[in-house]
Amino acid sequence: MDKIKIKEKLVNVCRKELDKQLDELIKAMNDAQFEANQHIGAMESRYDSFKEEAQARVNGFARQIDTKRRILPAITKINIKNLYNSVVHGSVVQTDQENYFICAYIVDNPINVDDKDYLPISMNSPLGIAIEGKKSGDSVEIGGDVVNIYDVF
């Protein structure tokens, strides 16, 4: 498959997954807010009232939503037509061990494109930091293992 098509599919899958995660978090936050609004009076748990506990859940969901929304521009600003020769945000890195899409940590499982798995990672992750600026043919030692980069685009 063409390198641009691979990047396009990776960007699209990451964006859809992020949208899905945001939708789920917003629904969970709305449900928690509804629950918080239903509690009236002095019914209390050991430490907080039920309403305060539900409101704390709402606040937790709101923080997660904010984090996910900050990731969205990191994906949408990727120009799929730019093919890179060194590892930067938006590049695809193929190694002798795994393949990576440098955008943001979005999913736990790799994304399969053209019978190859690509794991989305953040440029700020330990691996992202280690391979930043590396080119095809470079090697990096990570956790005692040597990772050989054989293609960057």
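These numbers were taken from a predicted model, which means no experiment stands behind them. (Residues numbered from 1 in each chain as written. Predicted model: local features only at pLDDT ≥ 70, side-chain atom pairs only at ≥ 80, totals over all residues. Heavy atoms only, no water.)

A.B. asks: Sorry, what's going on with the packing of helix α1 (residues 3–38) against helix α2 (residues 50–76) here?
C.D. replies: Each packed pair of helices is defined by two parameters, the angle between the axes and the distance between the axes. Running from amino to carboxyl end, α1 crosses α2 at an angle of 160°, the nearest separation of the two axes being 9 Å. Between α1 and α2, the angle is such that the two are roughly antiparallel. Every pair of crossing elements has a handedness; the one defined by α1 and α2 is left-handed. Taken together, the residues of the contact of α1 with α2 sort by class into 18 nonpolar, five polar and seven charged. (Axes fitted to C-alpha atoms, helices over the stretch in contact; angles between N-to-C directions. Helix = DSSP H or I, 4+ residues; strand = E, 2+ residues; numbered from the N terminus. Parallel < 35°, antiparallel > 145°, perpendicular 65-115°, else oblique. Left-handed = near helix turned anticlockwise from the far one by under 90°. Nonpolar A, V, L, I, M, F, W, Y, C, P; charged D, E, K, R; others polar.)

A.B. asks: Which parts of the structure should I look at to understand α1?
C.D. replies: Two residues of an α-helix separated by three or four positions point the same way, owing to the 3.6 residues in each turn. Here α1 contains 36 residues, and its C-alpha end-to-end distance of 53 Å stays within 8% of the 52 Å for a straight helix at 1.5 Å per residue. Within the sequence span of α1, burial applies to I6, K7, L10, V11, C14, L18, Q21, L22, L25, A32 and A36. On its buried face, α1 sits against α2, β1 (92–95), β2 (99–102), β3 (111–113) and β4 (116–121). The backbone nitrogen of I4 has a side-chain oxygen 3.1 Å away, supplied by the residue at the start of α1, namely D2. (Expected span 1.5 Å × (residues − 1). Buried < 20%, exposed > 50% of the residue type's maximum accessible area, 1.4 Å probe, protein only. Contact = heavy atoms within 4.5 Å. Polar contact = N/O pair within 3.5 Å; in protein donor to acceptor, adjacent residues only side chain to side chain.)

A.B. asks: So what exactly am I meant to see when it comes to the sheet that holds β1 here?
C.D. replies: What links the strands of a sheet is backbone hydrogen bonding, and the strands pair in either a parallel or an antiparallel sense. The mixed open sheet is built from six strands, whose spatial order is β3-β4-β2-β1-β6-β5. Two strands in the sheet have a free side with no partner beyond their single neighbour: β3 and β5 (139–142). Along the sheet, successive strands turn relative to each other by an average axial angle of 40°, direction set aside. Where β2 and β4 come together, four bridges link them in parallel fashion. Of the residues in β4, the one forming a bridge with F101 is P120. With respect to the sheet, α1 is in contact with β1, β2, β3, β4 and β6 (145–152), its orientation differing from that of β3 by roughly 150°. (Pairing = 2+ DSSP bridges.)

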